[in-house]
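Residue-level structural notes
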Amino acid sequence: MGEGMSAEPVLSIKGISKTFGGLKALSDVSFDIQQGDVFGIIGPNGSGKTTLINCITGFIKPGSGHVFFKGKEITAWQPHKIAHVGIARTFQIMRPYYSLPAYKNLIIPLWSPRARKTGGWRGGGKHGDRDTVAVDILEEIGFERDSRVPYKFASALPTGYLKRLELARCMALRPEIIFCDEVFSGLSMSEIAGMLPLIEKMKTEGITLIMVEHRLRELFRVAGRVMALNFGEKIVEGEPNFVIEDKRVREAYLGSEEV
Amino acid sequence: MDKQSMRKERIDRGLKVRTEGIYAISSSREILYLLGPRLLLIGGIILLPFILELAPYWKRVVNIMCVYALLALSFDFLANYVGLVCLGGSFFTGVGGYLTAIFNVNLGLPIYLSIPLATVGGAVLCTALLLPCLPLRGVYFAIITLMYPLLLTRVIEALDILGGTNGITGLDSFPNGYVEQYAIIIMMLVFLFGMRRFVNQDIGLVLRGVKDNDQSVRASGINVTHMKLLAVFVASFIGCFSGAYVAHLYMWAGISLFALDFSIIPIASVVIGGGGTLVGALIGSFILVPLSEILRAFGSFRIVIYCAVLTGFIVFKSEGIMVYLQRKYHQFERWVKV
């Protein structure tokens with residue numbers, strides 16, 4: 001598809017700005033995401049990546065700018081309404097329901113109006129119950145069905161499983177877009193190796209993924225396009241190789257040589 | 001062997017493990033293990049009025065015990081399952097009590113209509129009044145709910161409406177002592193077992209999710225305020241029923257229905273009985289209410305003893321009686337070498 005001829009973007013961000021007191025967390029960030037893309041957002045600590053996600057998913061109201069989902073404006077909607085139209089997100093600091101067993105954690109998204117509308121929770125048949133669907137989703141995401149892991153309390157699970165649980169919570173909504181906020185951070189190399197196929201699988205299922213990441217090597221293996229942020233400003237967007245070669249990106253990560 | 005190199009180990013009893021899942025019905029011993037405590041509770045409470053036949057005064061105390069047990073149940077549900085600490089138990093009793101008085105005295109409805117109508121109507125009214133406070137969390141919600149009964153008391157006093165300081169008198173009493181007693185006992189058991197079931201349903205899990213992590217619930221596409229609304233409705237439903245019952249029990253609805261007792265004693269009961277167990281709320285009020293009656297002989301000194309008992313519980317058994325008993329029932333302890 002050539003420039004200008006591309007289909008309508010599934011998500012379109014136009015000039016998002018946000019200030020916290022005197023701090024400019026985001027200034028005039030715009031980008032478009034096509035259906036089925038894996039879109040990476042990179043940038044050093046404090047560059048506004050998570051704030052950007054929060055602004056798009058409604059957890060923070062943007063100061064100015066617009067968010068369009070399939071051409072419909074969803075700027076500053078309530079988070080649950082944004083999730084309802086099909087935009088799911090994970091949290092950088094995992095937010096499981098610690099007092100519930102892992103599979104019961106998924107009952108909550110499966111009970112949501114979106115899951116009930118799409119009928120996704122019914123699983124096999126009319127009489128399928130949410131518990132069965134929950135265990136199915138967990139198995140898909142890498143919880144061994146026959147082990148005791150899916151039935152353990154979330155408070156007893158290690159980080160790797162909690163990250164997967166965050167993704168499973170998103171998958172239960174059968175979303176069109178998933179924002180992954182640093183799903184690889186804090187994981188060992190082998191755990192990441194186990195996660196990558198999941199990302200690939202979501203991609204083949206046609207889910208649009210937007211990944212905020214610090215682990216660039218892993219991100220560039222899956223991402224088709226990457227955007228770099230620094231001090232709340234978009235500095236470059238494009239193919240992964242193009243972005244990493246960019247002088248400003250290198251400066252942002254490694255520090256500028258000229259004072 | 002000195003104690004220092006030893007450690008206490010807790011292990012599930014074999015019987016408990018055997019009664020999990022489908023194996024629960026494998027033998028009469030397993031069935032008894034599961035049903036025993038429940039039958040003991042139900043049977044004990046139903047037989048209590050017969051045991052107390054010789055002491056009519058204490059028979060009436062049982063009614064009050066059940067009323068406080070219901071309020072404690074409502075508090076335990078809101079605080080430990082939904083994460084809303086509601087200090088306004090008396091708000092529910094007051095609204096329920098006054099509504100049943102209006103239905104019964106002013107509109108002339110019989111008692112078997114006025115109590116259910118006051119329960120449902122009161123729950124709707126309480127939920128509507130608490131609606132603006134639902135986005136609040138933690139101590140802010142607690143303080144607001146504490147203010148509501150005080151506010152309504154002053155409104156009734158200042159405007160001299162609903163009988164003013166005299167209250168509304170002349171409510172119908174219950175047809176006879178047994179109906180009076182068993183109405184509350186059966187309703188209490190229904191609410192207790194109903195709530196236990198409710199919190200483990202899918203919808204109950206969503207409510208527990210709100211307590212654990214409301215941001216995750218919002219990210220799952222569920223409106224947290226709607227869920228809190230539902231929880232407050234359920235809790236105020238129980239509270240308004242207690243209030244309506246008390247009003248008919250005393251044949252009077254006055255501003256003492258908004259008294260702080262109805263807010264504080266249920267909370268103390270939950271602390272003593274064990275928060276988050278639901279049945280602990282019942283056990284707590286079955287200890288505290290009779291204790292407070294016994295201590296009546298000491299006059300105003302009873303508050304001191306009452307406080308000492310409460311402090312003792314909080315310091316030495318802060319987990320609550322029910323949590324302690326459950327642990328002893330399901331597990332045994334032994335000393336092992338480190």
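Predicted, not measured: the structure shown is a model, and the values here were computed from it.

1. Quick notes on the overall build of chain B
A tally of regular secondary structure across chain B gives 14 helices and four strands. Over its C-alpha atoms chain B spans a radius of gyration of 22 Å, differing by no more than 12% from the 20 Å that the globule rule assigns to 338 residues. Considering only C-alpha atoms, chain B reaches an extent of 75 × 60 × 45 Å along its principal axes. Each of the 338 residues in chain B was classed as buried or not, and the buried ones make up 41%. Put simply, 74% of the contacts in chain B that link residues at least 6 apart link residues at least 24 apart.

2. Quick look at the overall build of chain A
Counting its regular elements, chain A contains eleven helices and ten strands. Rg of the C-alpha trace for chain A: 19 Å, near the compact-globule value of 18 Å for 259 residues, within the 12% margin. Counting only C-alpha atoms, chain A reaches 60 × 40 × 40 Å along its principal axes. Evaluated residue by residue, chain A yields a buried proportion of 44% over its 259 residues.

3. Some words on the confidence of the model for chain B
All names here are of chain B. With 98% of its residues at a pLDDT of 70 or more, chain B has an overall mean of 88. At the level of individual helices and strands, chain B shows its lowest average pLDDT in helix 1 (residues 14-18), which scores 76, and its highest in helix 10 (residues 224-250), which scores 94. On the interface metric, ipTM, the complex scores 0.86, and its pTM is 0.89.

4. Things to note about unusual backbone geometry
What you tend to see is this: most non-glycine residues have negative phi, and most peptide bonds are trans. All names here are of chain A. Despite not being glycine, A76 has its phi angle at roughly 60°, a positive value. With respect to the helices and strands, the residue A76 is situated in the loop between strand 5 (72-73) and helix 2 (79-85). What makes A76 partly exposed here is the crowd of 14 C-beta atoms within 10 Å. Residue R174 is not a glycine yet carries a positive backbone phi of 50°.

5. Let's talk about the confidence of the model for chain A
Overall, the predicted model of chain A reaches an average pLDDT of 86, with 92% of residues at or above 70. Throughout residues 1-5 of chain A the model reports pLDDT below 50, and contacts reaching past four residues in sequence, or to other chains, amount to one contact.

6. Here we look at the sheet that holds strand 5 of chain A
Residue and element names in this part refer to chain A. Taken in spatial order, the four strands make up an open sheet running 2-1-4-5, and their pairing is antiparallel. Where the open sheet ends on each side, the last strands, each with one partner, are strand 2 (23-33) and strand 5. Across seven bridges, the pairing between strand 1 (residues 11-20) and strand 2 is antiparallel. Each bridged residue has a counterpart across the sheet, and for L11 the counterpart in strand 2 is I33.

7. Details of the environment of V29 of chain A
All names here are of chain A. Inspection of the secondary structure puts V29 in strand 2. Remark: the alpha-carbon pair of V29 and K152, spanning 123 residues in sequence, is separated by 42 Å. With residues near it in sequence (within four places) discarded, V29 still touches I13, I16, L52 and K234.

8. Examining the sheet that holds strand 6 (residues 87-89) of chain A
Residue and element names in this part refer to chain A. Strand order in the open sheet made by the six strands is 6-7-8-3-9-10, with mixed pairing throughout. Looking at the sheet topology across the chains shown, the edges are occupied by strand 6 and strand 10 (233-238). Pairs of neighbouring strands in the sheet enclose a mean axial angle of 15°, with direction left out of account. Pairing between strand 6 and strand 7 (residues 177-181): three bridges, direction parallel. The partner of I87 across the bridge, within strand 7, is I177.

9. Observations concerning the interface of chain B and chain A
Contacts between the two partners involve 17 residues from chain B, matched on the other side by 22 residues from chain A. Among the secondary structure elements, those contributing two or more residues to the side of chain B that touches chain A are helix 8 (202-212) and helix 9 (214-219) of chain B.

Here is what the cut-offs are and how they apply
Residues numbered from 1 in each chain as written. Chains lettered and ligands numbered in written order. Predicted model: local features only at pLDDT ≥ 70, side-chain atom pairs only at ≥ 80, totals over all residues. Helix = DSSP H or I, 4+ residues; strand = E, 2+ residues; numbered from the N terminus. Rg over C-alpha atoms; globule rule 2.2 N^0.38 Å. Buried ≥ 20, exposed ≤ 12 C-beta atoms within 10 Å, placed from the backbone. Contact = placed C-beta atoms within 7 Å. pLDDT = per-residue confidence, 0-100. Pairing = 2+ DSSP bridges. Axes fitted to C-alpha atoms, helices over the stretch in contact; angles between N-to-C directions.

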